Amino acid sequence: MPITQEQCENLKKHEGFRSKVYKCTAGKDTIGYGYNINSNTLRLPANEIKSFYDVGISVVRAEQLLKQCCNQVESSLSKELDFYDNLDLNTRYVLINMGFNLGVQGLLGFKTTLGLIKQGKYNEASVQMLKSKWAEQVKGRATELSTILRTGKIR
């Protein structure tokens, strides 16, 4: 199920927009709302990648890529987590947001948090996710996602 526009706006706020290629904190070439050009998970054609370096990206195209990436993350999470499809929309969004930021494999490393979510222990999971190195790095994003997980609501 595609992310809602409210969820997309929230993720765009977390990522921020840059029309020109920049290095993310991991040193990867990135553009738009956090699209990692080096990994090119959407398998964009070489001429589009070249245009990112030459002219940049529009807000509209960047949002399209963000939504495509989220759909890709969601598809992976549905395959990797046997409980994912049974989660409510905003809990799924928290995992999509984290999966977009960390990569799906990075998110799967949150074994305790994911185990608590599987058990429906969202309060405990929201506390656990804040104990990670990731939470120290992304600060406000982690706090906000923790709140969404705990309350089930995006502000």
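Conventions and cut-offs
- Residues numbered from 1 in each chain as written.
- Predicted model: local features only at pLDDT ≥ 70, side-chain atom pairs only at ≥ 80, totals over all residues.
- Heavy atoms only, no water.
- Pairing = 2+ DSSP bridges.
- Helix = DSSP H or I, 4+ residues; strand = E, 2+ residues; numbered from the N terminus.
- Core = buried A, V, L, I, M, F, W, Y, C linked by side-chain atoms within 4.5 Å.
- Buried < 20%, exposed > 50% of the residue type's maximum accessible area, 1.4 Å probe, protein only.
- Contact = heavy atoms within 4.5 Å.
- Expected span 1.5 Å × (residues − 1).
- Polar contact = N/O pair within 3.5 Å; in protein donor to acceptor, adjacent residues only side chain to side chain.
- Phe/Tyr/Trp six-rings, centres within 6.5 Å; stacked < 30°, edge-to-face > 60°.
- Lys NZ or Arg CZ within 6 Å of the ring centre and 35° of its normal.

Undergrad: Provide a residue-level description of the pairing of strand β1 (residues 18–23), including the pertinent values.
TA: In terms of strand pairing, β1 meets strand β2 (residues 29–32) through three bridges, oriented antiparallel. Paired with arginine 18 across the two strands is glycine 32, which belongs to β2. Following β1, the chain reverses through five residues before pairing antiparallel with β2; glycine 27 in that reversal takes a positive phi of roughly 80°.

Undergrad: Tell me what's going on with the pairing of β2, and back it up with residues and numbers.
TA: Across two bridges, β2 lies against strand β3 (residues 35–36) in antiparallel orientation. Residue pairing across strands places isoleucine 31 opposite tyrosine 35, the latter belonging to β3. The hairpin formed by β2 and β3 contains two residues between the paired strands, and glycine 34 there has a positive phi angle of roughly 85°.

Undergrad: Help me get a handle on the nonpolar core, residues and values and all.
TA: Membership of the largest hydrophobic core comes to 45 residues, with the highest contact counts inside it found for Leu77 and Leu95. No other element matches helix α3 (residues 59–80), which puts seven residues into this core. Apart from the residues lying within four places of it in its own chain, the contact partners of leucine 77 are Tyr84, Leu95, Ile96, Val104 and Leu107.

Undergrad: Hey, could you go over helix α4 (residues 89–102) for me, with residue numbers and the actual values?
TA: Helix length check: α4, at 14 residues, gives a terminal C-alpha distance of 20 Å against a target of 20 Å (1.5 Å per residue), a fit within 8%. Of all 14 residues that make up α4, eleven are buried, and the element is covered over most of its length. Residues Asn90, Thr91, Arg92, Tyr93, Val94, Leu95, Ile96, Asn97, Met98, Gly99 and Phe100 constitute the buried set of α4. At the N-terminal end of α4, a side-chain oxygen is found 3.1 Å from the backbone nitrogen of asparagine 90, two or three residues along, and the residue is aspartate 88. Once α4 ends, the next one or two residues include glycine 103, with phi positive near 85°.

Undergrad: Which residues make up the environment of valine 55, and what are the values?
TA: Inspection of the secondary structure puts valine 55 in the loop between α2 (46–54) and α3. Between the C-alpha atom of valine 55 and that of lysine 20, which follows or precedes it by 35 residues, the distance is 7.4 Å.

Undergrad: Go over the packing of aromatic side chains with me, naming the residues and quoting the values.
TA: Under the criterion given, the structure shown has two aromatic pairs. Taken together, a centroid distance of 5.9 Å and an interplanar angle of 85° make the contact between phenylalanine 110 and tryptophan 134 edge-to-face. With a gap of 24 residues between them, phenylalanine 110 in the loop between α5 (104–108) and α6 (111–118) and tryptophan 134 in helix α8 (residues 133–138) connect regions that are remote in the sequence. For the pair shown, phenylalanine 110 and tryptophan 134 are each scored as buried. Here the basic side chain of arginine 18 rests over the ring of tyrosine 22, its NZ or CZ set 4.1 Å away from the ring centre.

Undergrad: With reference to specific residues and values, describe the environment of glutamine 5.
TA: Take glutamine 5: it is sitting in helix α1 (residues 5–15). Measuring from C-alpha to C-alpha, the distance between glutamine 5 and serine 146 comes to 20 Å, with 141 residues separating the pair along the chain. The contacts of glutamine 5, once residues within four sequence positions are left out, are Glu63 and Lys67. Only 2.7 Å separates the side chain of glutamine 5 from the side chain of glutamate 9, close enough to count as a polar contact. Of note is the side chain of glutamine 5, whose polar atom sits 3.4 Å from the side chain of glutamate 63.

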